[in-house]
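These are the residues of each chain, in order.
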Amino acid sequence: MNIEKCLIIGSGPSGYTAAIYAARAGLQPILFTGEQPGGQLTITNDVENYPGYPDGVVGPQMMEDFRRQAERFGTRVIMEIITKVDFTGPVHKVWTESGVEHHAHTVVISTGASAKWLGLPSEERLNNKGVSACAVCDGFFYRGQVVAVVGGGDTAAEEATYLSKLCKEVHLIVRRDEMRASKIMQERVLKTENIIVHWNTQTVEILGEDSVNGVLVKNVLTNEEQVLPVTGFFVAIGHKPNTEIFNDWLKMDASGYLHVIPGTTHTEIPGVFVSGDAADHVYRQAVTAAGTGCMAALDAERYLVNNAIC
């Protein structure tokens, strides 16, 4: 069986950037797109914070540009999902959903992470129409407006604090009578005058037809309902890394984020590297994902050279 020099799992900014660098280095990479070709950016309307797009760009077009650039240098893009891996031995094995087996000297994992959602029909309908899972990405569009954030952990506290600097008012919807966030993050939230915390409160419905114009919430103790007049609704209940298929092979934290050797993209298994949100639970931005995709490709190339494979 043919052994690939570099095999990439995932097709977001990190995967495609790894492919561009690997292809230009002559590694002839093969990339499997996964279940969501292009990653989370394919469900993002306006991207205005990625360098090189002075007028902004819609997420799907941006990822199409990434794909075309990767293919221009010889990347083979396969529209399939990897469902199984075997990292024993120096040659790594992966299997697609159709049962085809592939071998590779190096594997770059770029499977990303997915935002956790509340599961409301209105949440899905109004996604990118006022509903977002990233305040850093989309907060700018709500400058001077009133918004809501749902969640009680560090992510929610960080998002609310960030938005408070841009928005007129921030409603923080917390399901319990306390926050799970760290003490310092809670103190920041409670000391910020334009953050209003709604304790023991859950989201019933996000209101609006073509854009968000409010959110219906309910106090779980009194069953009292009220409408918060907001134009933006930020879901901050966490992210889930798409790393389940690596459970038996790679070290990860309690949330499923893969471990890498600090300062590199190396895992504990030689020849296996990680880029993007599969390992990053802090920044989670397209530009940082792309940066680690570059790092992973360079690390893979050096691994191949050091082992006299190319």
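Residues numbered from 1 in each chain as written. Predicted model: local features only at pLDDT ≥ 70, side-chain atom pairs only at ≥ 80, totals over all residues. Heavy atoms only, no water.

A. Quick peek at the nonpolar core. Within the largest apolar cluster, 28 residues are counted, with the highest numbers of intra-cluster contacts made by Ile8, Tyr16, Tyr50, Met62 and Val108. Breaking this core down by element, the ones donating at least two residues are β1 (3-9), α1 (13-24), α2 (59-72) and α7 (286-306). Not counting residues within four places of it along the chain, the set of residues in contact with isoleucine 8 comprises Gly15, Ala18, Ala19, Pro29, Ile30, Leu31, Phe32, Val108 and Ser110. Core analysis: the next-biggest nonpolar cluster, separate from the first, contains 21 residues, Tyr142, Leu166, Cys167 and Met179 among them. (Core = buried A, V, L, I, M, F, W, Y, C linked by side-chain atoms within 4.5 Å. Buried < 20%, exposed > 50% of the residue type's maximum accessible area, 1.4 Å probe, protein only. Helix = DSSP H or I, 4+ residues; strand = E, 2+ residues; numbered from the N terminus. Contact = heavy atoms within 4.5 Å.)

B. Highlighting the side chain of threonine 96. Note that threonine 96 resides in strand β7 (residues 92-96). Look at threonine 96 and you get buried, because its relative accessible area is 2%. In contact with threonine 96, not counting residues within four places along its chain, are Phe32, Glu80, Ile81, Ile82, Thr83 and His102.

C. Local environment of the sheet that holds strand β15 (residues 214-219). The strand order β14-β15-β16 describes an open sheet built from 3 strands, whose pairing is antiparallel. Edge positions in the sheet fall to β14 (201-207) and β16 (225-228), since each of these pairs with one other strand and no more. The mean inter-strand angle of the sheet, taken between neighbouring strand axes irrespective of direction, is 25°. (Pairing = 2+ DSSP bridges. Axes fitted to C-alpha atoms, helices over the stretch in contact; angles between N-to-C directions.)

D. Highlighting unusual backbone geometry. One non-glycine residue, arginine 284, lies in the positive phi region at around 55°. Looking at the secondary structure, you find arginine 284 in the loop between β19 (272-274) and α7. By relative accessible area, which is 19% here, arginine 284 ends up buried. Phi at alanine 308 takes a positive value of approximately 55°, unusual for a residue other than glycine. Relative to the assigned elements, alanine 308 resides in the segment after α7.

E. Geometry of the state of the cysteines. Counted under the stated rule, the structure contains 1 disulfide. Shown here is the disulfide that connects cysteine 134 with cysteine 137, its sulfur atoms set 2.2 Å apart. Looking along the S-S bond of the cysteine 134-cysteine 137 disulfide, the torsion reads about 70°, which is the right-handed sense. We classify cysteine 134 as buried; its relative accessible area is 16%. The exposure class assigned to cysteine 137 is partly exposed, which follows from its relative accessible area of 27%. Free of any disulfide, cysteine 167 has its nearest neighbouring cysteine sulfur in cysteine 134, separated by 13 Å. Not part of a disulfide, cysteine 294 finds its nearest cysteine sulfur in cysteine 6, a span of 13 Å. Its relative accessible area of 15% is what places cysteine 294 among the buried residues. (Disulfide = S-S within 2.5 Å.)

F. Molecular detail of the packing of aromatic side chains. Enumeration according to the criterion identifies 7 aromatic pairs in this entry. Pairing phenylalanine 87 with phenylalanine 246 gives two aromatic rings, centres 6.3 Å apart and planes at 10°, and the pair type is stacked. In this pair, phenylalanine 87 is assigned in the loop between β6 (82-86) and β7 and phenylalanine 246 in the loop between β18 (239-241) and β19, connecting sequence segments 159 residues apart. Comparing phenylalanine 87 with phenylalanine 246 shows no difference in burial state: the two are buried. In this structure an aromatic cluster arises from ring pairing among Tyr50, Tyr53 and Phe66. Cation over ring: arginine 24 sits above phenylalanine 73, and NZ or CZ is 5.2 Å from the ring centre. (Phe/Tyr/Trp six-rings, centres within 6.5 Å; stacked < 30°, edge-to-face > 60°. Lys NZ or Arg CZ within 6 Å of the ring centre and 35° of its normal.)

G. Inspection of the sheet that holds strand β17 (residues 232-235) at higher detail. Pairing is parallel in the open sheet, where 5 strands are placed in the order β10-β17-β11-β12-β13. A strand with exactly one partner marks an edge of an open sheet, and here the two such strands are β10 (131-132) and β13 (195-198). Examined bridge by bridge, strand β12 (residues 169-173) and β13 share 4 bridges and lie parallel to one another. The residue bridging leucine 172 from the neighbouring strand is valine 197, located in β13. Relative to strand β11 (residues 146-150), helix α5 (residues 154-164) is tilted by about 170°, and along the sheet it contacts β11, β12, β13 and β17.

H. Highlighting the pattern of salt bridges. Under the defined criterion, the tally for this structure stands at 5 salt bridges. Aspartate 65 serves as the salt-bridge partner of arginine 68, at 3.9 Å between the closest nitrogen and oxygen. With arginine 68 and aspartate 65 both in helix α2 and 3 residues apart, the pair spans about one turn of that helix. The residue glutamate 244 makes a salt bridge to lysine 240 at a minimum N-O spacing of 2.1 Å. (Salt bridge = Lys/Arg side-chain N within 4 Å of Asp/Glu carboxyl O.)

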